[in-house]
Amino acid sequence: MKIRNLLLFSPRNRRCFLASVDTEFPGVIFPSDKGCLHDPHYNYGKMKENVNATNIIQLGLTLSDRFGNLYIWEFNFSDFDIDTDDQNEDSIKLFKNHGIDFERNKKDGIPSSLFAKLCWKSGLVGNNSEIPLTWVGFQSSYDFGFFTKILTGDKLPDDMEVFMRNVKLFFGPSVFDIKHIISRLCAGVYGGLETVSKTVGVALAVGKSHTAGSDSLLTLQTFIELIHKHVLLKPEENSISRQQHKDIVELYNAYEICEFQGSW
């Protein structure tokens, strides 16, 4: 109900319009051939194979309104069974070290089927909000892969174009990936989420890294800083189209905040 209110029933100028997502899953079961990573269809095939073979552990969601108010959720799912499900041992060890309690998740977590029903009812997905959401992720193919698998209650399609149509149908036309942004816009910015966030001056505000809630928050905060410091302040370093630059600038300008307010 909280998400539904933020998206549909709050005063129009206070409705959330920016969302970030992060997922945690049992790791890569079917590794990629590094020599094929330039091929989008190959990359999709590997993502699809891994998502279809495993069950999600966590999903983190952060929403923001135009004033920089942040709302963060971390959903722990009951789907994953550490005793029987396919998993990458190194990934599971990492999650245990960061405090994920697999036995409690199995007992007290939310089934992904129920989570999907709540997502549809809330207006979070399906592009039903009067103010459409813009979505942000970091290396987010797996995040949107698992989210799509949950929403459909089915395995991902074989055809990448069908998957992309589903992503647009569920999440709308505005989906940004920070990893793609820095490769096109931001000279001297590279690495994983923690490295990129530190480079632009964003610290982990709550929780632990490699947990979905805190990583979704860090993703959103890093996105805003990247847009401000590299798209607005260093336009000469951009290698994107004029329309892409316009879209991102308009997104940033929707915020009624600036660097001096300390909101980020």
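Model, not experiment: these values are computed from the prediction.

Rules used in this analysis
- Residues numbered from 1 in each chain as written.
- Predicted model: local features only at pLDDT ≥ 70, side-chain atom pairs only at ≥ 80, totals over all residues.
- Heavy atoms only, no water.
- Helix = DSSP H or I, 4+ residues; strand = E, 2+ residues; numbered from the N terminus.
- Buried < 20%, exposed > 50% of the residue type's maximum accessible area, 1.4 Å probe, protein only.
- Contact = heavy atoms within 4.5 Å.
- Areas by Shrake-Rupley, 256 points an atom, 1.4 Å probe, with all protein chains shown as cover.
- Expected span 1.5 Å × (residues − 1).
- Arc of directions from axis to C-beta.
- Polar contact = N/O pair within 3.5 Å; in protein donor to acceptor, adjacent residues only side chain to side chain.
- Pairing = 2+ DSSP bridges.
- Axes fitted to C-alpha atoms, helices over the stretch in contact; angles between N-to-C directions.

Chemist: Describe the overall build of the chain, listing the residues and the values that go with them.
Modeler: A tally of helices and strands in the chain yields eleven helices and five strands. When the 264 residues of the chain are sorted by exposure, 49% land in the buried category. Once local pairs closer than 6 in sequence are excluded, the contacts in the chain between residues at least 24 apart make up 71%. Working note: accessible area of the chain is about 13200 Å², and carbon and sulfur atoms make up 51% of it.

Chemist: Which residues make up helix H7 (residues 160-171), and what values do they have?
Modeler: Taking 1.5 Å per residue as the helical rise, H7 with its twelve residues ought to reach 16 Å, and the 16 Å between its terminal C-alpha atoms agrees with that figure. For H7, the full list of buried residues reads Met160, Phe163, Val167, Phe170 and Phe171. For H7, the buried positions fall inside an angular range of 90° around the axis, keeping them on one side. Of the residues in H7, the exposed ones pointing more than 90 degrees away from the buried face are Arg165, Lys168 and Leu169. At its buried positions, H7 is contacted by helix H2 (40-53), helix H5 (112-122), strand S4 (134-137), helix H6 (141-152) and strand S5 (175-177). Regarding H7, its N-cap is Asp159, as a side-chain oxygen of that residue lies 2.8 Å from the backbone nitrogen of Glu161 further along. Two residues or fewer after H7 comes Gly172, characterised by a positive phi angle close to 90°.

Chemist: Give a description of the sheet that holds strand S2 (residues 58-64) that names residues and reports values.
Modeler: Read from one edge to the other, the open sheet built from five strands follows the order S3-S2-S1-S4-S5, with strand pairing classed as mixed. Either end of the sheet is taken by a strand with one partner, and the two such strands are strand S3 (70-76) and S5. Across the sheet, the axes of successive neighbouring strands diverge by a mean angle of 20°, strand direction being ignored. Bridge analysis of strand S1 (residues 18-24) against S4 gives three bridges, and the strand direction is parallel. Within S4, the residue paired with Ser20 across the bridge is Val136. Of the strands in this sheet, S1, S2, S4 and S5 touch H6, which is tilted by about 90° from S1.

Chemist: Give me the environment of Gly188: which residues, what numbers.
Modeler: Within the secondary structure, Gly188 is located in the loop between helix H8 (178-185) and helix H9 (193-199). Take Gly188: its relative accessible area is 59%, and that puts it in the exposed class. Along the backbone, Gly188 and Thr199 are eleven residues apart, and their C-alpha atoms lie at a distance of 9.0 Å.

Chemist: Give me the pairing of S1: which residues, what numbers.
Modeler: Successive residues of a regular strand alternate their side chains across the two faces of the sheet. Within S1, seven of the seven residues are buried, leaving the element largely enclosed by the surrounding structure. The alternating pattern of S1 places Leu18, Ser20, Asp22 and Glu24 on one face and Ala19, Val21 and Thr23 on the opposite face, and all of these are buried.

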